[in-house]
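# Secondary and tertiary structure notes
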Amino acid sequence: MKGKRFRSINFILWISFLAFAAFILILTWVFQTTLLRKFFTDEVKTELEDIGGEVYRGISAIQRLENADKGNGINAYITLAQYDNPAINIYVLDEAGDCMYPTGMGDSAGDYGIEGVDEQVVALVFDALEQAGTDKGVIVRINDNSYVYSARFARADGQSADTYLYISYSTELSDNAFSMMQRELIMIAVIVVFVALIISALLSMELTRPIARFTRAARRMAKGDFTVDFKGAYTYAEMDALAETLDYAKEEIGKSDALQKEVLANVTHDLKTPLTMIKAYASMIQEISGGDPEKRAKHTQVIIDESDRLTALVNDILNLSKIRSGMDTLKLQTFNLSEFIHTVLERFSYLTETQGYTLTRDIEDELYTEADMEKIEQVVYNLVGNAVNYTGEDKKIAVSLKKEEGGKIRFCVKNTGKGIPPEEIDTIWDRYYSSNETHKRPIKGTGLGLSIVKTILIKHGFEYGVESEVGKGTAFYVLFPEK
């Protein structure tokens, strides 16, 4: 079809796996570079704030002690705190940024080899503390891997200048770990893409192999080869179920094809016969009996009978085609089924009067149903006519209409004929059944009666069936809904 683009399952699976792999990798990358780093930064600030607060309180307590060596006490405390937290460096600075503790380190913070700390950094931290308007706790980010916690100590008695707590925290080791994780993620991405390509290729081959087999078999079936077999050893339950469905469809299509050919052959034969008779007797009238009123009347009657037979056959074919194609819609109405059956049976009264047939009735009164009366008339007439044609030598037919449980009305027509072999029970409704029969029948038929009955009942949604025993007769039944 113009403008329609087709893509193979292999391509779709390949793209789907790659898209899924890319989605997972992008999600992991975003998590690592954004969410995880933000989480880590928040944790660093929280941890630094906790450590800074604890150190601030500890040094403040030492500064408030009386008659004690405060310098040695602060030095010892700083040494112990740094031992417990190796990632930090702790200093106590004066207003000029000179280092007061730990002692013995020089005059200025920038002179002691303190990594990442110089006079500009100290000034930046002090300005941040001043702008915060608080003596306790500000955290300043110096660069990507360095943070500083600072707080102003309260002045002790006799102290004229401010002192500051300065704690530096380095995340260089953590950043190195993040860089290593990113490099590993790139390696993993390459591996995942490669594995996704392999898996998608293998999976698509496994999925498309049975589909290709189905396609080849379907093409053979389309050419009329109904010996193909869709079943096989499939990995997936869905493929096995599809194979069973296709095999069932193949069998049904084969039956339909055989039926179509059989019907076509029989209809061709039945059309040919009356046409041949009409032509033959018309020629006889023209050449032989044209001047003999008695022979002419006899020959013209044959032409009329064959014309009627041809008309009936054409009408049955048209009716069957219209019903099956859905062109002939149902006209539903509620009516007295009991009286309706009696009315249809009256059309067979001439058989009991002139040909010795016995038609017994067992019909309950006042049973109503909803259906298309015209279509149901065809059903009843065809079933009774079929029973008359195939009944036994005793010429007995029994018709019954009984109310059953579940809101159903059972209509049954039974004869005493030869019965239907078990192997033909399932196909009796579809066969062109009259074609193989040679005995004379009182009801003229086209062989399509049961097909018409089946089609009408299916369109109504009514249950129907046949019960037969070879040598004892056959019973056709229909279950009507009670209204």
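The shown structure was predicted, so the numbers you read here are calculated from the model rather than taken from an experiment.

### So, the pairing of strand 3 (residues 138-143)
When strand 3 meets strand 4 (residues 146-153), the two strands line up antiparallel, connected through five bridges. Residue pairing for strand 4: Ile 139 is matched across the bridge by Tyr 149. Hairpin connection of strand 3 to strand 4: two residues between the antiparallel strands.

### Things to note about the sheet that holds strand 11 (residues 463-469)
Spatially, the five strands line up as an open sheet ordered 7-9-10-12-11, and their pairing is mixed. Each edge of the open sheet carries a strand with a single partner, namely strand 7 (358-363) and strand 11. The sheet shows a mean angle of 15° between the axes of neighbouring strands, direction not considered. The strands touched by helix 7 (residues 337-345) are strand 7, strand 9 (396-404), strand 10 (408-415) and strand 12 (473-481); relative to strand 7, the strand with the most contacts, the crossing angle is about 175°. In the packing of helix 9 (residues 373-390) onto the sheet, contacts are made with strand 9, strand 10 and strand 12, and the angle to strand 10 comes to roughly 30°.

### Regarding the UniProt feature "transmembrane region" (unreviewed entry) in the protein
What UniProt calls "transmembrane region" (unreviewed entry) maps, in this numbering, to residues 12-31 and 185-203. For residues 185-203, helix accounts for 100% and strand for 0%, while the C-alpha atoms at its two ends are 26 Å apart.

### Thoughts on the environment of Phe 335
Assignment of secondary structure puts Phe 335 in strand 6 (residues 333-336). For the pair formed by Phe 335 and Glu 366, sequence separation is 31 residues and the distance between their alpha carbons is 9.6 Å. Look past the residues within four positions of Phe 335 in its chain and what remains in contact with it is Phe 340, Leu 367, Tyr 368, Thr 369, Ala 371 and Met 373.

### As for a negative patch on the surface
There is a patch of like negative charges on the surface, built from Glu 43, Glu 47, Glu 49, Asp 50, Glu 54 and Asp 84. Top contributing element to the negative patch by residue count: helix 1 (residues 9-63), with five residues. Within the secondary structure, Glu 49 is located in helix 1.

Basis of the calculations
- Residues numbered from 1 in each chain as written.
- Predicted model: local features only at pLDDT ≥ 70, side-chain atom pairs only at ≥ 80, totals over all residues.
- Heavy atoms only, no water.
- Pairing = 2+ DSSP bridges.
- Helix = DSSP H or I, 4+ residues; strand = E, 2+ residues; numbered from the N terminus.
- Axes fitted to C-alpha atoms, helices over the stretch in contact; angles between N-to-C directions.
- Contact = heavy atoms within 4.5 Å.
- UniProt positions renumbered as here; feature names shortened; annotations may be inferred.
- Patch = residues over 30% accessible without salt bridge, like charges linked within 9 Å, V, L, I, M, F, W, Y side chains within 5 Å.
- Areas by Shrake-Rupley, 256 points an atom, 1.4 Å probe, with all protein chains shown as cover.
- Salt bridge = Lys/Arg side-chain N within 4 Å of Asp/Glu carboxyl O.
- Lys, Arg positive; Asp, Glu negative; His and termini not counted.
- Charge placed at Lys NZ, Arg CZ, Asp CG, Glu CD.

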